[in-house]
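Residue-level structure breakdown
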Amino acid sequence: RKIMFEHDMKNIRTVPRTSSMNGTCERVIQTITNLATSFLANAKFTASEWQLCFSKAFKHAAEIYNCTPHRALSWDTPYFRFSGVVPHLNWFRTWGSTVMEYMSRNQMLGKRARRFRIGIMLGQKVQTGQRKPTLEVYIPYLRNSFWRSSYVNDETMGHVESRWKNLGKGQK
């Protein structure tokens, strides 16, 4: 209650575990779900990848939603009301874009191995004073994701296109 009072929030009691009785809450959940679904559809994931990545797309959509202005907050963003920091568009990267992760010499498999591993951007962390965000990169052939700070992000090309180009060259 103390935090709610400090941030000018109203405490309205509803029936527990029934978001369907709150129309505003339902619309927010629907908006965020639609954003997450469009991220996944635009990234052209397979069915197995879709199941793996929906929660990460939902989280990214919620972060974007919290950085958009709302009329109920006098056109402030929820992020600004909570933290006091004005969000900036440069903080966000295109979800599902191609990320080329730089590999160190001991990660490479031989002298002539590629220096980059191609992956898909699933999330990001931005710390204060950091020049570029740390990205969560999904590597399709490993079926695993990792947090990386040394990468090249190509937001102009979808990961499906980059996969087909590399498969044509005989690479995974």
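Residues numbered from 1 in each chain as written. Predicted model: local features only at pLDDT ≥ 70, side-chain atom pairs only at ≥ 80, totals over all residues. Heavy atoms only, no water.

1. Quick look at the overall build of the protein chain
Convention followed: The way it works is that DSSP assigns letters per residue, a run of H or I at least four long becomes a helix, a run of E at least two long becomes a strand, and they are numbered from the N terminus. Burial status follows relative accessibility: with a 1.4 Å probe on protein chains alone, a residue under 20% of its type maximum counts as buried, one over 50% as exposed, and anything between as partly exposed. In what follows, a contact means two residues having at least one pair of non-hydrogen atoms within 4.5 Å. The accessible surface values rely on the Shrake-Rupley method and a 1.4 Å probe; as for residues, cover is taken only from the protein chains in view.
A tally of regular secondary structure across the protein chain gives five helices and five strands. The order of helices and strands in the protein chain, counted from the N terminus, is α-α-α-α-β-β-β-β-β-α. Across the 172 residues of the protein chain, 28% fall into the buried class. In the protein chain, 45% of the contacts between residues at least 6 apart in sequence involve partners at least 24 apart. When the accessible surface of the protein chain is split by element, carbon and sulfur atoms take 56% of a total near 12200 Å².

2. Looking at the packing of aromatic side chains
Rule in force here: Two rings belonging to Phe, Tyr or Trp (six-membered ring only in the last case) form a pair when the distance between their centres is within 6.5 Å. Interplanar angles under 30 degrees mark stacking, angles over 60 mark edge-to-face geometry, and anything in between is tilted.
This structure, assessed with the given rule, holds two aromatic pairs. With a centroid separation of 6.1 Å and an interplanar angle of 20 degrees, the aromatic rings of F39 and W95 are classed as stacked. In this pair, F39 sits in helix α2 (residues 23–43) while W95 sits in the loop between α4 (78–83) and β1 (97–102), placing the two residues 56 residues apart along the sequence. For the ring pair F54 and F58, a centre distance of 6.2 Å and an interplane angle of 40 degrees mean the geometry is tilted. Linking F54 with F58, this pair stays in helix α3 (residues 47–66), spanning four residues, or about one helical turn. Exposure remark for F54: the relative accessible area of 29% places this residue in the partly exposed category. Using a relative accessible area of 29% as the deciding quantity, one classes F58 as partly exposed.

3. Here we look at unusual backbone geometry
For S74, which is not glycine, the phi dihedral falls at a positive 55 degrees. Residue placement: S74 occurs in the loop between α3 and α4. The phi dihedral of W75 is positive, around 60 degrees, even though this residue is not glycine. Looking at the element boundaries, W75 is found in the loop between α3 and α4.

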